[in-house]
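If you want the building blocks of each chain, they are given just below.
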Amino acid sequence: MESNHVRPANPQPADTLPRTSENYRTVTTRNPEIRVEKWGNWEIEYEFTPAAGDHGNLLVVFSSVGSKYGFGNALSGVQCNVLRIRDRFDGGTSYYVCRDMDFSVSEAVEELICAYTEKLGLSRDEVVLAGSSKGGSAAIFYGLKYGYRNIVASTPQYFIGSYSQGHGVLGAYVLGEGEPQENVDTLDAVLPTLLAEDEDRDRNVYLVSSSRDYQYEEEVVHFLTALRKYSNFNLFMVESPALVKHAEVTRQGLSVILSIIYALTEGTVPRWGDVQIGSNDVDEHAAATYLADLRTRDTALAVLTGATLTHQQARLTGHAFIPGVAAATQESGNSGSRETKQLVLVRESKAWVADADSVPADQLYLKYFDTHFAAYEDGGFACDVRELSDSLPEGAYDVFARVMSRNEAIDRRVPLVTYKPIDRRSASHGFEVVLKGDQKGVRLIKRSLADGGPGGTVFSVRRFLMDGQKLRVYGVFYLPGRNADHKNHAAYYLTLHGQDTAHTFDLKPLQMTEQVRPHVRSGDFGSYGYGFFTSPDGKGVDLSALPAGTYTVQVTMSAGGALFSHPAGRVDLRQGDGEAFAHPSDSQGEAKTSGRKTLRARLRRS
């Protein structure tokens, strides 16, 4: 019998095959989708994530002040349908209640929630409303006004008018221009009125707060009497000496909040009543002893959290301090002795030192909590290392932080580390500085741009001319086999070498797939769309500050651990009228160079 197998050497016409159908896998992938749609009188921005598997309920999330979508990434493990609505209406916030006292906002949001409830075939009993702070007030508001049973509210406000008034732009957006008191009074009455008039006692309400939150007495206590009328009211009081700010209550109680959401969205209704999470009880003697002992250990903390690295600025910021609290300052109530800080760069047996400023850093008491509370109010550092990096010899340096407390006779040096891997690069005066870091350490590498060779790269100058006092240079530059598929795949520099000096300028990668494609060799299936360099503003590199003279021009690509350089031409700058000559170099090795053999433009210098 003759086989029906179609051999590659004898293919059949593609148009004899069925049309391309949708792959069911793409339909069942659980990816969040952000949409902006018109509901009622308002455009609403929201994010919808479909359920994973057979978890069909709906979680509706309202955001707190300053957050785009409520609870950030913490809801990634929730398996049901998740609808997170952004509080942004006509460019401003609304508390999900009213925008400039226009209460049709809530009607529009309810239309959106109803549409998804109906689309998913759910009843209101299968919907969970949740939010923190402003979002917590919204969860209570929608639950009572529109008849939802399941409400999870962390640190909500009761008097939403008074809270909005004077609260940055929130007040102007919600209360209207001038934030009149009559509008404040109207909004303050919204939640009390709903609570007083609601006769449906069959609700599952979960309220999270803390006695250490100033809003507990100002806002939350006013909910308690009214909320206790519901058949399943649960109050969770989060307590910890580390709670200092309002927003920290939700963070501290997040595990419990998530457990409530997980249970409710699976159709399980927990009944806990009044629960305390954590404790404010502190053994002052034990705390003082522990923190004093921690202070004497041979350890210090040093974490790099920010690095600005350009040819003009090199500024490093982060956290650096001696953990614990000295016994003497603990007894006096002081948060700790005055500490001074330095950054230390070590290569072989030599060290280079830069003084660092101590600066306030937010919430270090949470980030570095160790058994007992310590403030670390000035535990941040900031250091400008531009002058130091310019003066360093070429080489690789390990970076340390040195923290000193002179009155305690403490002087400690520890490796600087980062939370996440970083790679920052910049160049000046013919040298590149690379800052690389991870959880094990940070290194600074300084190397000459003149040391780079072509190394099998593809290089093509597409434009090289003077435009006024700017040198316009752009072209193709990539390394075959190493993808250039995003803007951070490499750093590009332009260096002008004079008789005794070098001047270096940053270039930038630009996605120009059509310009790059003709240079990709047949059979190379790499992605090189960003393998195109140009000036940062696309208008050229300003040479007006350079002294007159003849300069050879070099373009360098820094990728991975290597430098790749190609000559691009020559520029002749003279006082008064001058000329710029471009002489694209011949191909070197596997490099390709193209461009005009001679490009001339007039350069006028005052």
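Scroll up to find the structure.
Everything numeric here is computed off the predicted structure, so don't read it as measured data. (Residues numbered from 1 in each chain as written. Predicted model: local features only at pLDDT ≥ 70, side-chain atom pairs only at ≥ 80, totals over all residues. Heavy atoms only, no water.)

1. Remarks on the sheet that holds strand 1 (residues 33-39)
Strand order in the open sheet made by the nine strands is 1-2-4-3-5-6-7-8-9, with mixed pairing throughout. A strand with exactly one partner marks an edge of an open sheet, and here the two such strands are strand 1 and strand 9 (274-278). Within this sheet the neighbouring strands show an average axis-to-axis angle of 20°, counted without direction. The pairing of strand 2 (residues 42-49) with strand 4 (residues 81-85) spans four bridges and is classified as antiparallel. Paired with T49 across the strands is V82, a residue of strand 4. Together, strand 7 (204-209) and strand 8 (232-239) form the strand contacts of helix 8 (residues 214-227), whose direction differs from that of strand 7 by roughly 160°. Most of the contacts of helix 10 (residues 254-265) go to strand 6 (residues 150-154), to which it runs at about 170°, and overall it touches strand 3 (58-62), strand 5 (127-132), strand 6, strand 7, strand 8 and strand 9. (Pairing = 2+ DSSP bridges. Helix = DSSP H or I, 4+ residues; strand = E, 2+ residues; numbered from the N terminus. Axes fitted to C-alpha atoms, helices over the stretch in contact; angles between N-to-C directions. Contact = heavy atoms within 4.5 Å.)

2. Points about the pattern of salt bridges
Summed over the entire model, instances satisfying the criterion amount to 23 salt bridges. Linking R295 and E408 is a salt bridge whose minimum nitrogen-to-oxygen distance equals 2.8 Å. Residue R295 is located in helix 11 (residues 284-296), and its partner E408 is located in the loop between strand 15 (395-405) and strand 16 (410-415); the two are separated by 113 residues in the primary sequence. (Salt bridge = Lys/Arg side-chain N within 4 Å of Asp/Glu carboxyl O.)

3. Concerning a nonpolar patch on the surface
On the surface, a nonpolar cluster with roughly 240 Å² of combined accessible area is contributed by V244, F369 and F373. As for its placement among the helices and strands, F369 is situated in the loop between helix 13 (364-367) and strand 14 (380-384). Judged by relative accessible area, F369 falls into the partly exposed class, the value being 36%. (Patch = residues over 30% accessible without salt bridge, like charges linked within 9 Å, V, L, I, M, F, W, Y side chains within 5 Å. Areas by Shrake-Rupley, 256 points an atom, 1.4 Å probe, with all protein chains shown as cover. Buried < 20%, exposed > 50% of the residue type's maximum accessible area, 1.4 Å probe, protein only.)

4. Points about the nonpolar core
Membership of the largest hydrophobic core comes to 59 residues, with the highest contact counts inside it found for F62, L83, I85 and Y142. Residues contacting Y142, with those up to four places away along its chain left out, are F62, Y96, V105, S106, V109, E110, I113, L129, G147 and Y148. Among the nonpolar cores identified, the runner-up in size contains 31 residues, and L309, F381, L388 and V414 belong to it. (Core = buried A, V, L, I, M, F, W, Y, C linked by side-chain atoms within 4.5 Å.)

5. Considerations on the pairing of strand 2
Sheet faces and side chains relate simply in a regular strand, where the side chains alternate between the two faces. With respect to burial, strand 2 is a largely interior element, seven of its eight residues being buried. As paired strands, strand 1 and strand 2 are joined by seven bridges and run antiparallel to one another. By the bridge assignment for strand 2, V36 is matched with E45.

6. Here's the deal with the packing of helix 3 (residues 134-146) against helix 7 (residues 190-197)
Across the interface, helix 3 lies against helix 7 with an axial gap of 10 Å and an inter-helix angle of 40°. The angle between the axes of helix 3 and helix 7 places the two elements in the oblique class. Here the hand of the crossing between helix 3 and helix 7 comes out left-handed. Between helix 3 and helix 7, the contacting residues are S137, I140, F141, L144 and K145 on the first element and V190, L191, L194 and L195 on the second. For the contact of helix 3 with helix 7, the residue count by class is seven nonpolar, one polar and one charged. (Parallel < 35°, antiparallel > 145°, perpendicular 65-115°, else oblique. Left-handed = near helix turned anticlockwise from the far one by under 90°. Nonpolar A, V, L, I, M, F, W, Y, C, P; charged D, E, K, R; others polar.)

7. Quick look at the pairing of strand 3
Burial analysis of strand 3 places five of its five residues in the buried class, which makes it a mostly covered element. Burial along strand 3 is two-sided: the residues L58, V60 and F62 and L59 and V61 are all buried. Of the strand pairs in this sheet, strand 3 and strand 5 are connected by five bridges, and their pairing is parallel. Residue pairing for strand 5: L58 is matched across the bridge by V127.

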